[in-house]
Amino acid sequence: MVRSDLGSLEGCMEPNERLIAKKEAWAEAKRGLTEEGVPPDLRTRHNRLPPRQHLTKGWPVLDLGVHPTIPLTDWTLAIGGLVEQKVLWSWPQFLEQPHVRSTSDFHCVTTWSTFDNRWDGVSFRQILSVVRPLPQVRFVLFSSYDGYTTNLPLEACAEEDVLLTYTWNDQPLPKEHGGPVRVIVPKRYAWKGAKWVKAITFAEHDTPGFWEIRGYSNTALPWEEDRYG
Ligand SMILES: Nc1nc2c(c(=O)[nH]1)N[C@H]1C(S)=C(S)[C@@H](COP(=O)(O)O)O[C@H]1N2
Ligand SMILES: [Mo]
């Protein structure tokens, strides 16, 4: 396993070691898990809240405590690895891509959820059509300006609702939520969506990311209450 540690970034806050330690301890204790064997039809799917989630007001901020400032003139997104066409997009080049608008729910592993978030951005499917992953590609690794990483299987990224978004409810995506651009993966717990995304790498093999190597699930499916690895 490749351990992806946070590098020190000039001009940034220190990572929030206490929060990281607490969440690591939760994974060890498997906090928040319902009893095994609860039949799926007794779960709360009908009211849109995955098991043991609660609806929260507003939009909490949750990250490692480092909020990098990326001026749009310096912002780039590198998409590469095993693809036919690597790209390095500047901000104007990113905005030139066809855009989509999407509304989805957001489920954080720490048990809060938000409903009906409106996003504008570039769909992951659009990225696939531009870079064209090679046939052996099965995994995707996202890397961020704060040093964070997270990994997903290619099929999970290819879902229609996976976006690189730069707005939230018609406003520019606030810096504390990952602006200028973050990833959202509505069918997975929210840690699978990289804030301040900087690079997307297509690979044949899986590379567990920041939380995946700290006790969190590799698959992260809210409806399965698949919180911990
Ligand atoms: N770059 C980066 N992305 C990140 C994180 C982070 O620390 N750094 N935290 C993840 C976690 S654990 C969650 S729950 C969501 C929270 O997003 P929010 O702060 O916008 O609610 O972002 C995810 N993406
Ligand atoms: Mo999280």
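Residues numbered from 1 in each chain as written. Chains lettered and ligands numbered in written order. Predicted model: local features only at pLDDT ≥ 70, side-chain atom pairs only at ≥ 80, totals over all residues. Heavy atoms only, no water.

A short note on the overall build of the protein
Part 1 of the argument: Assigned secondary structure in the protein consists of 4 helices and 12 strands.
Part 2 of the argument: Within the protein, contacts between residues at least 6 apart in sequence are counted, and of these 72% link residues at least 24 apart.
Part 3 of the argument: For the protein, the computed accessible surface area is about 11,300 Å², with 53% contributed by carbon and sulfur atoms. (Helix = DSSP H or I, 4+ residues; strand = E, 2+ residues; numbered from the N terminus. Contact = heavy atoms within 4.5 Å. Areas by Shrake-Rupley, 256 points an atom, 1.4 Å probe, with all protein chains shown as cover.)

Digging into the side chain of S123
Part 1 of the argument: In this structure, S123 sits in strand β5 (residues 112-123).
Part 2 of the argument: On the accessibility criterion, S123 (11% relative accessible area) is buried.
Part 3 of the argument: If we skip the residues at most four places from it in the chain, S123 touches V100, V162 and L163. (Buried < 20%, exposed > 50% of the residue type's maximum accessible area, 1.4 Å probe, protein only.)

Points about the nonpolar core
In globular proteins that are soluble, nonpolar side chains generally tend to be buried together.
Part 1 of the argument: Among the nonpolar cores identified, the biggest contains 33 residues, and F124, F142, L164, I200 and F202 are the most heavily contacted of them.
Part 2 of the argument: Taken together, the elements giving at least two residues each to this core come down to β2 (76-81), β3 (87-90), α2 (91-96), α3 (124-131), β6 (139-144), α4 (154-157) and β12 (197-203).
Part 3 of the argument: The element best represented in this core is α3, accounting for 5 residues.
Part 4 of the argument: The residues contacting F142, other than those within four sequence positions of it, are F124, Y148, T149, T150, L152, C157, V183, A194, V197, A199 and I200.
Part 5 of the argument: Ranked by size, the runner-up nonpolar core spans 13 residues in total, among them A27, V109, Y189 and A220. (Core = buried A, V, L, I, M, F, W, Y, C linked by side-chain atoms within 4.5 Å.)

Quick notes on the pairing of β2
Part 1 of the argument: In the sheet, β2 pairs with β3 via 4 bridges, with the strands oriented antiparallel. The residue of β3 that forms the bridge with I79 is V87.
Part 2 of the argument: Between β2 and β3, which follow one another and run antiparallel, lie 5 residues.
Part 3 of the argument: Inspection of the sheet shows β2 paired to β12 by 4 bridges, in the parallel sense. Looking across to β12, one finds that I79 is bridged to I200. (Pairing = 2+ DSSP bridges.)

Some words on the side chain of E212
Part 1 of the argument: Its place among the elements puts E212 in the segment after β12.
Part 2 of the argument: A distance of 2.8 Å separates polar atoms of two side chains, one belonging to E212 and the other to W191.
Part 3 of the argument: Side chain to side chain, E212 and K192 meet in a polar contact 2.7 Å long. (Polar contact = N/O pair within 3.5 Å; in protein donor to acceptor, adjacent residues only side chain to side chain.)

Describing the packing of aromatic side chains
When we look at a pair of aromatic rings, we describe it by the centre distance and by the angle of the planes.
Part 1 of the argument: What the rule picks out here adds up to 19 aromatic pairs.
Part 2 of the argument: Between F106 and W112 the ring centres are 5.7 Å apart and the planes differ by 20°, which places this aromatic pair in the stacked class.
Part 3 of the argument: With a centroid separation of 6.3 Å and 45° between ring planes, the pair formed by F106 and W119 is classed as tilted. One end of the pair, F106, is in strand β4 (residues 100-107); the other, W119, is in strand β5, and 13 residues separate them in sequence.
Part 4 of the argument: On the basis of relative accessibility, which here comes to 0%, the residue W119 falls in the buried class.
Part 5 of the argument: The lysine or arginine in question, K23, covers the ring of W211, its NZ or CZ lying 4.4 Å from the ring centre. (Phe/Tyr/Trp six-rings, centres within 6.5 Å; stacked < 30°, edge-to-face > 60°. Lys NZ or Arg CZ within 6 Å of the ring centre and 35° of its normal.)

With respect to the sheet that holds β12
Part 1 of the argument: Spatially, 5 strands are ordered β3-β2-β12-β6-β7 in an open sheet, and the strand pairing comes out mixed. Each edge of the sheet is formed by a strand with only one pairing partner; in this case those strands are β3 and β7 (149-153). Here the average twist between neighbouring strands, direction ignored, is 15°.
Part 2 of the argument: Relative to β12, β6 runs antiparallel, the two being bridged by 6 bridges. Bridge pairing in β12 links V140 to F202. (Axes fitted to C-alpha atoms, helices over the stretch in contact; angles between N-to-C directions.)

Let's talk about the site of ligand 1
Part 1 of the argument: In the neighbourhood of ligand 1, 22 residues make up the surrounding shell, with L62, D146, H177, R182 and K195 lying closest.
Part 2 of the argument: Measuring from an oxygen atom of ligand 1, one finds a side-chain N or O atom of R182 at 2.6 Å.
Part 3 of the argument: When ligand 1 sits alone it has 530 Å² of accessible area, and the protein chains cover 100% of it.
Part 4 of the argument: Grouping the constituent residues of the shell around ligand 1 by class yields 14 nonpolar, 3 polar and 5 charged. (Near = heavy atom within 4 Å. Nonpolar A, V, L, I, M, F, W, Y, C, P; charged D, E, K, R; others polar.)

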